[in-house]
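# Per-entry structural report
Here are the chains, one letter per residue:
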Amino acid sequence: MRISDLPSSRRPARFLISNLGGETQTVVLSKRRRQIIELLMRGPVYCASPVRISDIVSVLKHETCIDIHTEFYAGDRDIGAGDYGVYFLRSTVCRIDDVEAAA
């Protein structure tokens, strides 16, 4: 994965988050946070990449309470492959709209 593989828009957007327990919230995400949540909305994301998304996933999980599960896998030490994981979005996330900048 490369930076160019991320969704292109970094402008603020409003998202509706519904967690498995029935809690819902609306959040505004922008920049890398918006890119990563939109990437997770597409499907599972392999997380051993130079794009370094783990810090943003951690922020999304802890600051916005979005349910993101990580499955970890051991790498093959004999060939020098490191451990890796896959992120799965468990919350239901829908983009509501882009947020207009104040005039």
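Before reading on, note that the structure itself is shown above.
Attention here is on the structure that accompanies the text. (Residues numbered from 1 in each chain as written. Predicted model: local features only at pLDDT ≥ 70, side-chain atom pairs only at ≥ 80, totals over all residues. Heavy atoms only, no water.)

### Details of the sheet that holds strand S3 (residues 45–46)
- Here we have three strands laid out as an open sheet, ordered S3-S5-S4, and antiparallel in their pairing. Edge positions in the open sheet fall to S3 and strand S4 (68–73), since each of these has one partner strand only.
- Sheet topology note: the S3/strand S5 (residues 84–89) ladder contains two bridges and is antiparallel. Paired with Val 45 across the two strands is Tyr 87, which belongs to S5.
- Seen against the sheet, helix H1 (residues 31–42) touches S3, S4 and S5 and runs at an angle of roughly 85 degrees to S5.
- Across the sheet, helix H2 (residues 54–63) touches S4 and S5, and the angle it forms with S4 is around 140 degrees. (Pairing = 2+ DSSP bridges. Helix = DSSP H or I, 4+ residues; strand = E, 2+ residues; numbered from the N terminus. Contact = heavy atoms within 4.5 Å. Axes fitted to C-alpha atoms, helices over the stretch in contact; angles between N-to-C directions.)

### Describing the packing of aromatic side chains
- Within this structure, the stated rule accounts for two aromatic pairs.
- An angle of 45 degrees between the planes, with centres 5.3 Å apart, marks the rings of Tyr 46 and Tyr 84 as tilted. Of this pair, Tyr 46 sits in strand S3 while Tyr 84 is found in strand S5, placing the two residues 38 residues apart along the sequence.
- Since its relative accessible area comes to 46%, Tyr 46 is described here as partly exposed.
- Their ring planes at 20 degrees and their centres at 5.3 Å tell us that Tyr 73 and Tyr 84 sit as a pair that is stacked. Of this pair, Tyr 73 sits in strand S4 while Tyr 84 sits in strand S5, and the two are eleven residues apart along the sequence.
- With a relative accessible area of 32%, Tyr 73 lands in the partly exposed category.
- Owing to a relative accessible area of 29%, Tyr 84 belongs among the partly exposed residues under this scheme. (Phe/Tyr/Trp six-rings, centres within 6.5 Å; stacked < 30°, edge-to-face > 60°. Buried < 20%, exposed > 50% of the residue type's maximum accessible area, 1.4 Å probe, protein only.)

### Overview of the pairing of strand S2 (residues 24–29)
- Relative to S2, strand S1 (residues 13–18) runs antiparallel, the two being bridged by six bridges. Note that in S2 the partner of Ser 18 across the bridge is Thr 24.
- Hairpin connection, S1 to S2: the antiparallel pair is bridged by five residues, and Gly 22 has positive phi, about 95 degrees.

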